[in-house]
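Understanding the architecture of this molecule
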Amino acid sequence: MNNTSILAEESLTSAQALDVRDVQITLGSSCIVNDMSFSAHAGELLAIIGPSGSGKTTLLKAITGERPYSGSIQLGGYEIASLSPEAQALARGVLPQASHLSFPLTVSEVIGLGILDRRQGRLARAHRIAEALALVGLPGFEARTYQDLSGGEQQRAQLARVLCQVWDPVAEDGTPRWLFLDEPVSSLDIKHQYQIMKLAKDYSRRGGGVIAVMHDLNLTAAFADKILVMKYGAKVQHGSLENVFSEKTLTPTFEMPLDITRSKEGTFQVTPQLAELV
């Protein structure tokens, strides 16, 4: 392979990736994330796991441009800190842990905030909103008042808004779009947990990139392609599910004795060894 081909391949790879290098994030005098480096690629779902307080959400906020950082975070070959809010909005959608609204908006109005193309007519917008609501299991909720929804319903409505923002996982020019999800199933019952994770997995399979902060290890094992394990603001391990999901890695990370088994079909199951805690 000649130098021109190598450079072209590297350029294509960077255009399909999120690249985090030597990142440090401080809040006041405290270092929350330190010496963080990893890559995530379109077409994959990367789960960030670790105990509470390990810096997962802070890292995600830096990746989404909400927190200042030192080091380098590049999305599609562009430094996050140099991208305008408009450019970021076209490239990725962000689902935070919680979204608070003070105004009595309808569900349709909330989701419509995610439709960036103002050239769409009223009927096209209404159709897209209905499609998004169906995907998150809230068909027919358009006229409901957002504040009247349960916590789980609000979370799914916000995900519908995010989906409308980056509806096609791959843009017309071939550039992948991204979903950044912070604890996307924290308020959901088991049925809707699997529904939302299946939706995220499908987004990655269609060429988009997905990064999700997760707490449920069994859900993580069921849907993630790659794992980033964090503790005390640092990377413990990053790699494929097969390489990362082990008692050797997860038991000391969570300071909890865990039994990790794998079925004949390849599915991992994580079970706390409660007898050792008594």
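So, a few notes on the structure that sits alongside this text. Predicted, not measured: the structure shown is a model, and the values here were computed from it. (Residues numbered from 1 in each chain as written. Predicted model: local features only at pLDDT ≥ 70, side-chain atom pairs only at ≥ 80, totals over all residues. Heavy atoms only, no water.)

Within the protein chain, the regular secondary structure consists of 10 helices and 12 strands. For the protein chain, the C-alpha radius of gyration of 19 Å lies close to 19 Å, the compact-globule estimate for 278 residues. Burial status across the protein chain gives 45% buried among its 278 residues. In the protein chain, of all internal contacts separated by at least 6 residues, the share reaching a separation of at least 24 is 63%. Approximately 14000 Å² of the protein chain is accessible, and the part contributed by carbon and sulfur atoms is 52%. Positive and negative charge centroids in the protein chain, built from 25 and 30 side chains respectively, lie 3 Å apart. (Helix = DSSP H or I, 4+ residues; strand = E, 2+ residues; numbered from the N terminus. Rg over C-alpha atoms; globule rule 2.2 N^0.38 Å. Buried < 20%, exposed > 50% of the residue type's maximum accessible area, 1.4 Å probe, protein only. Contact = heavy atoms within 4.5 Å. Areas by Shrake-Rupley, 256 points an atom, 1.4 Å probe, with all protein chains shown as cover. Lys, Arg positive; Asp, Glu negative; His and termini not counted. Charge placed at Lys NZ, Arg CZ, Asp CG, Glu CD.)

Before going further, it helps to spend a moment on unusual backbone geometry. Non-glycine residue Asp35 carries a positive phi angle of around 50°. Judged by its relative accessible area of 52%, Asp35 falls in the exposed class. Backbone geometry places Tyr232, a non-glycine residue, at a positive phi of 55°. Along the polypeptide, Tyr232 turns up in the loop between strand 9 (226-231) and strand 10 (234-240). Under the relative-accessibility criterion, Tyr232 is labelled exposed at 67%.

Let us now look at the pattern of salt bridges. Applying the stated criterion to the full structure yields seven salt bridges. For Arg128, the salt bridge is made with Glu131, and the minimal N-O distance between the two is 3.5 Å. Here Glu131 and Arg128 lie together in helix 5 (residues 122-135), a separation of three residues that amounts to about one turn. We note a salt bridge from Arg262 to Glu242, for which the minimum N-O separation is 3.5 Å. Of this pair, Arg262 sits in strand 11 (residues 258-262) while Glu242 is found in helix 9 (residues 241-244), placing the two residues 20 residues apart along the sequence. With relative accessibility at 44%, the residue Glu242 sits in the partly exposed group. (Salt bridge = Lys/Arg side-chain N within 4 Å of Asp/Glu carboxyl O.)

The strand order across the open sheet formed by four strands is 2-1-4-5, and the pairing between neighbours is antiparallel. Of all strands in the sheet, those with a lone pairing partner are strand 2 (30-41) and strand 5 (78-79), marking the two edges. Where strand 4 (residues 70-75) meets strand 5, two bridges bridge the pair, whose relative direction is antiparallel. Bridge pairing in strand 5 places Gln74 opposite Glu79. The strands touched by helix 2 (residues 56-63) are strand 1 (17-27), strand 2 and strand 4; relative to strand 2, the strand with the most contacts, the crossing angle is about 65°. (Pairing = 2+ DSSP bridges. Axes fitted to C-alpha atoms, helices over the stretch in contact; angles between N-to-C directions.)

As for its placement among the helices and strands, Pro169 is situated in the loop between helix 6 (151-165) and strand 7 (178-182). For the pair Pro169 and Ala42, spaced 127 residues apart in sequence, the C-alpha to C-alpha distance is 9.1 Å. Non-local contacts of Pro169, meaning those with residues more than four positions away in its chain, are made with Thr175, Pro176, Arg177, Tyr203, Arg206, Gly207 and Gly208.

This paragraph deals with the side chain of Gln155. Tracing the backbone through its elements, the reader meets Gln155 in helix 6. A residue is classified by how much of its surface remains accessible, and Gln155, at 8% relative accessible area, is buried. A polar atom in the side chain of Gln155 sits 3.2 Å from the backbone oxygen of Pro184. (Polar contact = N/O pair within 3.5 Å; in protein donor to acceptor, adjacent residues only side chain to side chain.)

When the terminal C-alpha atoms of helix 6 are compared, their 22 Å separation across 15 residues agrees well with the 21 Å that a helix rising 1.5 Å per residue should span. Among the 15 residues of helix 6, 14 are classified as buried, and the element is accordingly described as predominantly covered. (Expected span 1.5 Å × (residues − 1).)

With six bridges joining them, strand 9 and strand 10 adopt antiparallel strand pairing. Bridged to Leu228 within strand 10 is His238.

The strand order across the open sheet formed by six strands is 6-7-8-3-9-10, and the pairing between neighbours is mixed. Only two strands of the sheet have a single neighbouring strand rather than two, namely strand 6 (92-95) and strand 10. Each neighbouring strand pair of the sheet contributes to a mean axis angle of 15°, computed without reference to strand direction. In this sheet, strand 8 (residues 209-213) lies alongside strand 3 (residues 45-49) in parallel orientation, the contact comprising four bridges. Looking at strand 8, one finds that Ile48 is bridged to Val213. Helix-sheet contacts for helix 2 involve strand 3, strand 7, strand 8 and strand 9, and the interaxial angle to strand 7 is about 150°.

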